[in-house]
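Here are the chains, one letter per residue:
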Number of protein chains: 2
Amino acid sequence: MIIVPLGVASATPTATRHLPSVALWREGDVHLFDCGENAQMRMLQAGLKRSKIENIFITHFDVDHFSGIIGLLSTLQLQRRDKSLKIIGPKGVKEYVEWNLNFANVDLNFEISFVEVEEGFEEERVVDEDEYYVEARPLNHSTFCIGYRFQEKDKPGKVDAEKAEAMGITEDAQYKALKAGEDVELEDGTIVKSYDIVGHPRPGDSFAYVTDTKYCPNAVKLAMNTNILYHEATFSESLADKAVETGHSTSADAARVANEAQTKLLVIGHFSARYTNPFVLLREARDKFFPAWLATELRPIFTNPSQEKGIVQQKVYIKEANDKSGGGGGKSKKRSRKSDSSKKRFRKRKSSSSDRKKRSRSSSSSSERKRRRPERSRKNDNNDNQGSSRPPKHITPRTPFDNFDRF
Amino acid sequence: MIIVPLGVASATPTATRHLPSVALWREGDVHLFDCGENAQMRMLQAGLKRSKIENIFITHFDVDHFSGIIGLLSTLQLQRRDKSLKIIGPKGVKEYVEWNLNFANVDLNFEISFVEVEEGFEEERVVDEDEYYVEARPLNHSTFCIGYRFQEKDKPGKVDAEKAEAMGITEDAQYKALKAGEDVELEDGTIVKSYDIVGHPRPGDSFAYVTDTKYCPNAVKLAMNTNILYHEATFSESLADKAVETGHSTSADAARVANEAQTKLLVIGHFSARYTNPFVLLREARDKFFPAWLATELRPIFTNPSQEKGIVQQKVYIKEANDKSGGGGGKSKKRSRKSDSSKKRFRKRKSSSSDRKKRSRSSSSSSERKRRRPERSRKNDNNDNQGSSRPPKHITPRTPFDNFDRF
């Protein structure tokens with residue numbers, strides 16, 4: 001599973017932070033937790049297909065947490081979606097969506113099935129699919145607010161086929177029985193125990209989304225042993241009073257929940273607009289819990305850190321590139337430029353050598369191009385060695401703090 | 001007046017274009033035409049104070065044109081606004097706003113006065129203030145849709161005080177009468193004619209906002225002799241059929257309206273998502289009308305071009321910089337670099353020389369910084385000549401096409 005924060009602001013957007021929304025990508029499907037204004041555009045920017053949305057979970061009815069739904073639905077309609085969609089939220093979400101679609105004269109092609117949770121509930125499994133379920137619990141905010149836990153069901157243990165064959169298992173039916181945990185009696189009367197052949201069940205991935213709440217036991221219950229806990233941290237410790245007053249958490253509260261729930265990674269989000277530098281909040285959270293991380297918009301977080309590591313090949317590759325260019329000798333200017341460019345390579349795309357010539361001729365126009373779309377239009381400097389095989393693509397680290405080495 | 005396009009997409013946002021919204025800045029106040037999703041954030045990014053909003057004009061009830069209102073109102077509420085706000089739109093806008101605020105339990109501190117226009121009207125002055133008025137006319141779209149013209153009232157002509165004194169005018173009351181167009185009789189019986197003393201009335205600025213319509217005469221009437229006409233150009237000429245079918249304009253339609261209305265500047269916006277390069281649309285519009293311009297998000301357009309010209313000092317300044325650096329001689333590498341950097345200077349801010357050292361030491365980290373916030377974090381390269389006086393600040397052109405020379 002991959003978590004992509006789409007907006008990490010709280011009540012009001014800042015110039016760089018959007019209203020709350022977090023996307024969960026799992027096996028090609030997308031599950032949206034809250035849908036702040038412009039979530040549809042952030043999904044596009046994050047490279048998440050809006051057509052793949054399966055469920056939208058709304059925590060509560062503060063404007064910032066659901067104002068993007070109607071726009072999103074209208075876009076899905078323009079995309080001619082026909083797959084049904086589930087919207088889960090507090091009681092009233094159905095009325096809201098239907099009233100607004102009706103007002104704007106949008107007649108959806110696809111079906112929306114609503115799951116409404118009424119105030120006063122204790123715990124509810126709001127979604128239950130073959131491979132995962134979602135559990136909801138009430139949180140402690142100024143209005144009725146729900147926290148969610150997305151839990152993959154455990155996968156059965158791996159079957160040791162060689163051992164099974166050696167023990168005389170031949171038929172598919174027998175394998176099935178073993179997988180289901182039943183022992184099998186062979187024709188000669190020997191009994192093959194399930195646990196001899198089938199390994200431990202592999203635990204499913206899990207993700208808890210807890211936002212807009214004071215510290216509360218339900219948050220801990222939701223987050224218990226999750227791989228990722230996304231917890232709001234609207235304020236820093238110095239504004240703890242204000243946090244209690246408005247029904248929000250400090251980053252220390254978030255760390256407390258993470259500690260009690262023994263989550264594997266704490267991600268804090270929902271920052272108050274006053275924190276132009278949210279690392280203040282991260283420092284406080286890290287004092288109490290590690291690993292903790294800041295939700296950075298559009299920066300994906302993998303529930304399985306080892307996957308993330310695999311995607312980026314780092315230092316080794318950079319070192320090789322340096323070695324190659326170092327072979328030239330003499331032209332020290334050029335060498336230093338080259339070693340720079342090998343570091344820069346993370347954000348480069350293909351280019352032709354003619355492109356490169358043009359660039360050196362009119363560097364001002366190319367710098368203008370850079371200015372507009374830095375990520376896209378930076379071309380690969382390293383085409384000197386075009387004959388050699390092209391290096392693998394890299395994911396672009398989005399901040400200097402994202403060195404992918406944090407686990 | 002300054003026009004700032006906040007969103008130039010049509011029905012659905014693209015990764016770079018937001019849903020429709022255009023801000024008009026006049027004498028410190030802001031008037032919003034349409035309020036697509038995330039308009040509140042775009043205003044922040046454009047440097048327009050949301051607290052300064054006086055009027056919000058809604059053209060029609062397609063989701064993309066009004067889905068940002070509730071978010072904006074809720075932010076105004078958080079800002080503790082107490083000044084009243086006017087919302088103008090088709091009948092139903094009041095119901096929409098009130099229902100949604102009520103649903104989200106937002107109890108506004110400030111008053112909203114609604115002006116609702118009913119279908120079937122021909123022309124209406126929806127706002128009439130001391131210094132300006134706004135005229136509305138129906139357009140021709142698939143749903144009821146309104147176009148607006150924002151018109152400053154003419155300012156009285158300038159009084160030639162010297163001449164007046166020479167002719168014997170001494171009292172304030174006499175001046176007032178002359179200003180009001182009345183002739184004044186002096187004590188000795190001579191009559192001072194108003195037109196001798198008071199110049200021609202100075203025409204007020206004007207702006208027309210015409211979006212979501214086929215070509216229609218009302219659009220021309222709204223745009224007649226305006227300084228700026230903001231007209232939708234959803235499709236190019238090759239999709240004229242589709243434009244008619246969906247009730248939209250091609251860029252040629254926009255140019256036709258501009259021609260017939262003799263507007264001074266045509267700005268096209270509301271581009272279909274299929275045009276990743278809207279310059280296709282601009283070319284077609286320019287074939288038929290000049291000056292035509294693309295609405296570029298957050299790029300301000302001045303109704304009075306001479307004002308805009310005054311803000312940016314151009315070529316002269318670049319030439320000077322080149323001359324200075326050229327004096328060095330010998331180090332040809334460095335010289336060429338310098339003349340490059342002087343071209344780049346338009347997007348640079350202050351920096352310290354220590355900054356510059358750091359940068360040359362670790363160019364990869366600085367390039368990472370660049371990657372994230374290209375406009376902001378590019379530092380001034382030209383600190384070699386730090387002793388000399390700092391050059392004046394420049395406004396950043398947002399695209400290479402924005403050379404500020406277009407008038």
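- Named according to an unreviewed UniProt entry, chain A is Ribonuclease Z originating from Rhodohalobacter sulfatireducens.
- What UniProt states about chain A under its Sequence similarities (unreviewed entry) heading is, verbatim, "Belongs to the RNase Z family."
- Chain A has a UniProt comment under Cofactor (unreviewed entry) that states "Zn(2+)".

1. Observations concerning the pairing of strand β1 (residues 2-7) of chain A
Residue and element names in this part refer to chain A.
Step number 1: A large share of β1 lies buried, amounting to six of its six residues.
Step number 2: Looking at chain direction, β1 and strand β16 (residues 301-302) are connected through two bridges and run antiparallel. Residue pairing in the sheet places Ile3 in a bridge with Ile301 of β16.
Step number 3: One ladder, built from five bridges, connects β1 with strand β2 (residues 21-26); its direction is antiparallel.

2. Quick notes on empty space enclosed by the protein
One water molecule sets the probe size; rolling that probe over the atoms shows where empty space is left.
Step number 1: Across all of its chains, the model carries six cavities of 30 Å³ or more by this definition.
Step number 2: Space inside the largest cavity adds up to approximately 140 Å³.
Step number 3: Around the largest cavity, the lining is made up of 14 residues, and of these A:Ser67, A:Ile70, A:Tyr96, B:Ser67 and B:Tyr96 lie nearest the centre.
Step number 4: Across the lining of the largest cavity, the residue classes tally to eight nonpolar, six polar and no charged.

3. Focus on the UniProt feature "active site" (unreviewed entry) in chain A
Residues and elements named next belong to chain A.
Step number 1: As annotated in UniProt, the feature "active site" (unreviewed entry) corresponds to Asp64 in the numbering used here.
Step number 2: Of note, Asp64 is situated in helix α2 (residues 63-66).
Step number 3: The exposure class of Asp64 is buried, given its relative accessible area of 6%.
Step number 4: The residues contacting Asp64, other than those within four sequence positions of it, are Ser10, Ala11, Leu19, Pro20, Gly36, Glu37 and His270.

4. Remarks on the nonpolar core
Step number 1: Membership of the largest hydrophobic core comes to 74 residues, with the highest contact counts inside it found for A:Leu73, A:Ile87, A:Val97, B:Leu73, B:Ile87 and B:Val97.
Step number 2: Residues within four places of B:Val97 in sequence aside, it is in contact with B:Ile69, B:Ile70, B:Leu73, B:Ile87, B:Ile112 and B:Phe114.

5. Some remarks on the sheet that holds strand β13 (residues 228-232) of chain B
Residues and elements named next belong to chain B.
Step number 1: Spatially, seven strands are ordered β7-β8-β9-β12-β13-β14-β15 in an open sheet, and the strand pairing comes out mixed. Looking along the sheet, the strands with just one partner apiece sit at the ends: β7 (124-128) and β15 (292-294). For this sheet, the mean inter-axis angle between neighbouring strands, taken without regard to orientation, is 20°.
Step number 2: Strand direction decides the pairing type here: β13 and strand β14 (residues 265-269), joined by five bridges, are parallel. Along β14, the bridge assignment pairs Leu229 with Leu266.

6. Thoughts on the pairing of strand β9 (residues 146-152) of chain A
Residues and elements named next belong to chain A.
Step number 1: The buried fraction of β9 is high, at seven of seven residues.
Step number 2: Here β9 shows a buried face lined by Ile146, Tyr148, Phe150 and Glu152 and a second buried face lined by Gly147, Arg149 and Gln151.
Step number 3: Direction of pairing for strand β8 (residues 132-138) relative to β9: antiparallel, over a ladder of seven bridges. Bridge pairing in β9 links Glu135 to Arg149.
Step number 4: In this structure, β9 lies alongside strand β12 (residues 206-210), joined through four bridges in antiparallel fashion. Bridge pairing in β12 links Gln151 to Ser206.

7. Topic: the packing of aromatic side chains
Geometry of an aromatic ring pair is reported as the spacing of the ring centres plus the angle between the planes.
Step number 1: In the structure shown here, the tally under the stated rule is 31 aromatic pairs over all chains.
Step number 2: Ring centres 5.0 Å apart and planes at 55° place the aromatic pair B:Phe57 and B:Tyr148 in the tilted group. Placement of B:Phe57 in strand β4 (residues 53-57) and of B:Tyr148 in strand β9 (residues 146-152) is noted, with a sequence separation of 91 residues between them. Taken individually, B:Phe57 and B:Tyr148 each receive the classification buried, so the pair is uniform in this respect.
Step number 3: The ring of A:Tyr133 carries A:Arg125 above its face, with NZ or CZ at 3.6 Å from the centroid.
Step number 4: One cation-aromatic arrangement involves B:Arg256 over B:Tyr215; the distance from NZ or CZ to the ring centre is 3.5 Å.

Thresholds applied
- Residues numbered from 1 in each chain as written.
- Chains lettered and ligands numbered in written order.
- Predicted model: local features only at pLDDT ≥ 70, side-chain atom pairs only at ≥ 80, totals over all residues.
- Heavy atoms only, no water.
- UniProt positions renumbered as here; feature names shortened; annotations may be inferred.
- Buried < 20%, exposed > 50% of the residue type's maximum accessible area, 1.4 Å probe, protein only.
- Helix = DSSP H or I, 4+ residues; strand = E, 2+ residues; numbered from the N terminus.
- Pairing = 2+ DSSP bridges.
- 1 Å grid on protein atoms, 1.4 Å probe; cavity = no way out; pocket = protein on both sides within 12 Å on 5 of 7 lines; lining within 4 Å.
- Points joined across faces, edges and corners; volume = space filled by probe spheres on them.
- Nonpolar A, V, L, I, M, F, W, Y, C, P; charged D, E, K, R; others polar.
- Contact = heavy atoms within 4.5 Å.
- Core = buried A, V, L, I, M, F, W, Y, C linked by side-chain atoms within 4.5 Å.
- Axes fitted to C-alpha atoms, helices over the stretch in contact; angles between N-to-C directions.
- Phe/Tyr/Trp six-rings, centres within 6.5 Å; stacked < 30°, edge-to-face > 60°.
- Lys NZ or Arg CZ within 6 Å of the ring centre and 35° of its normal.

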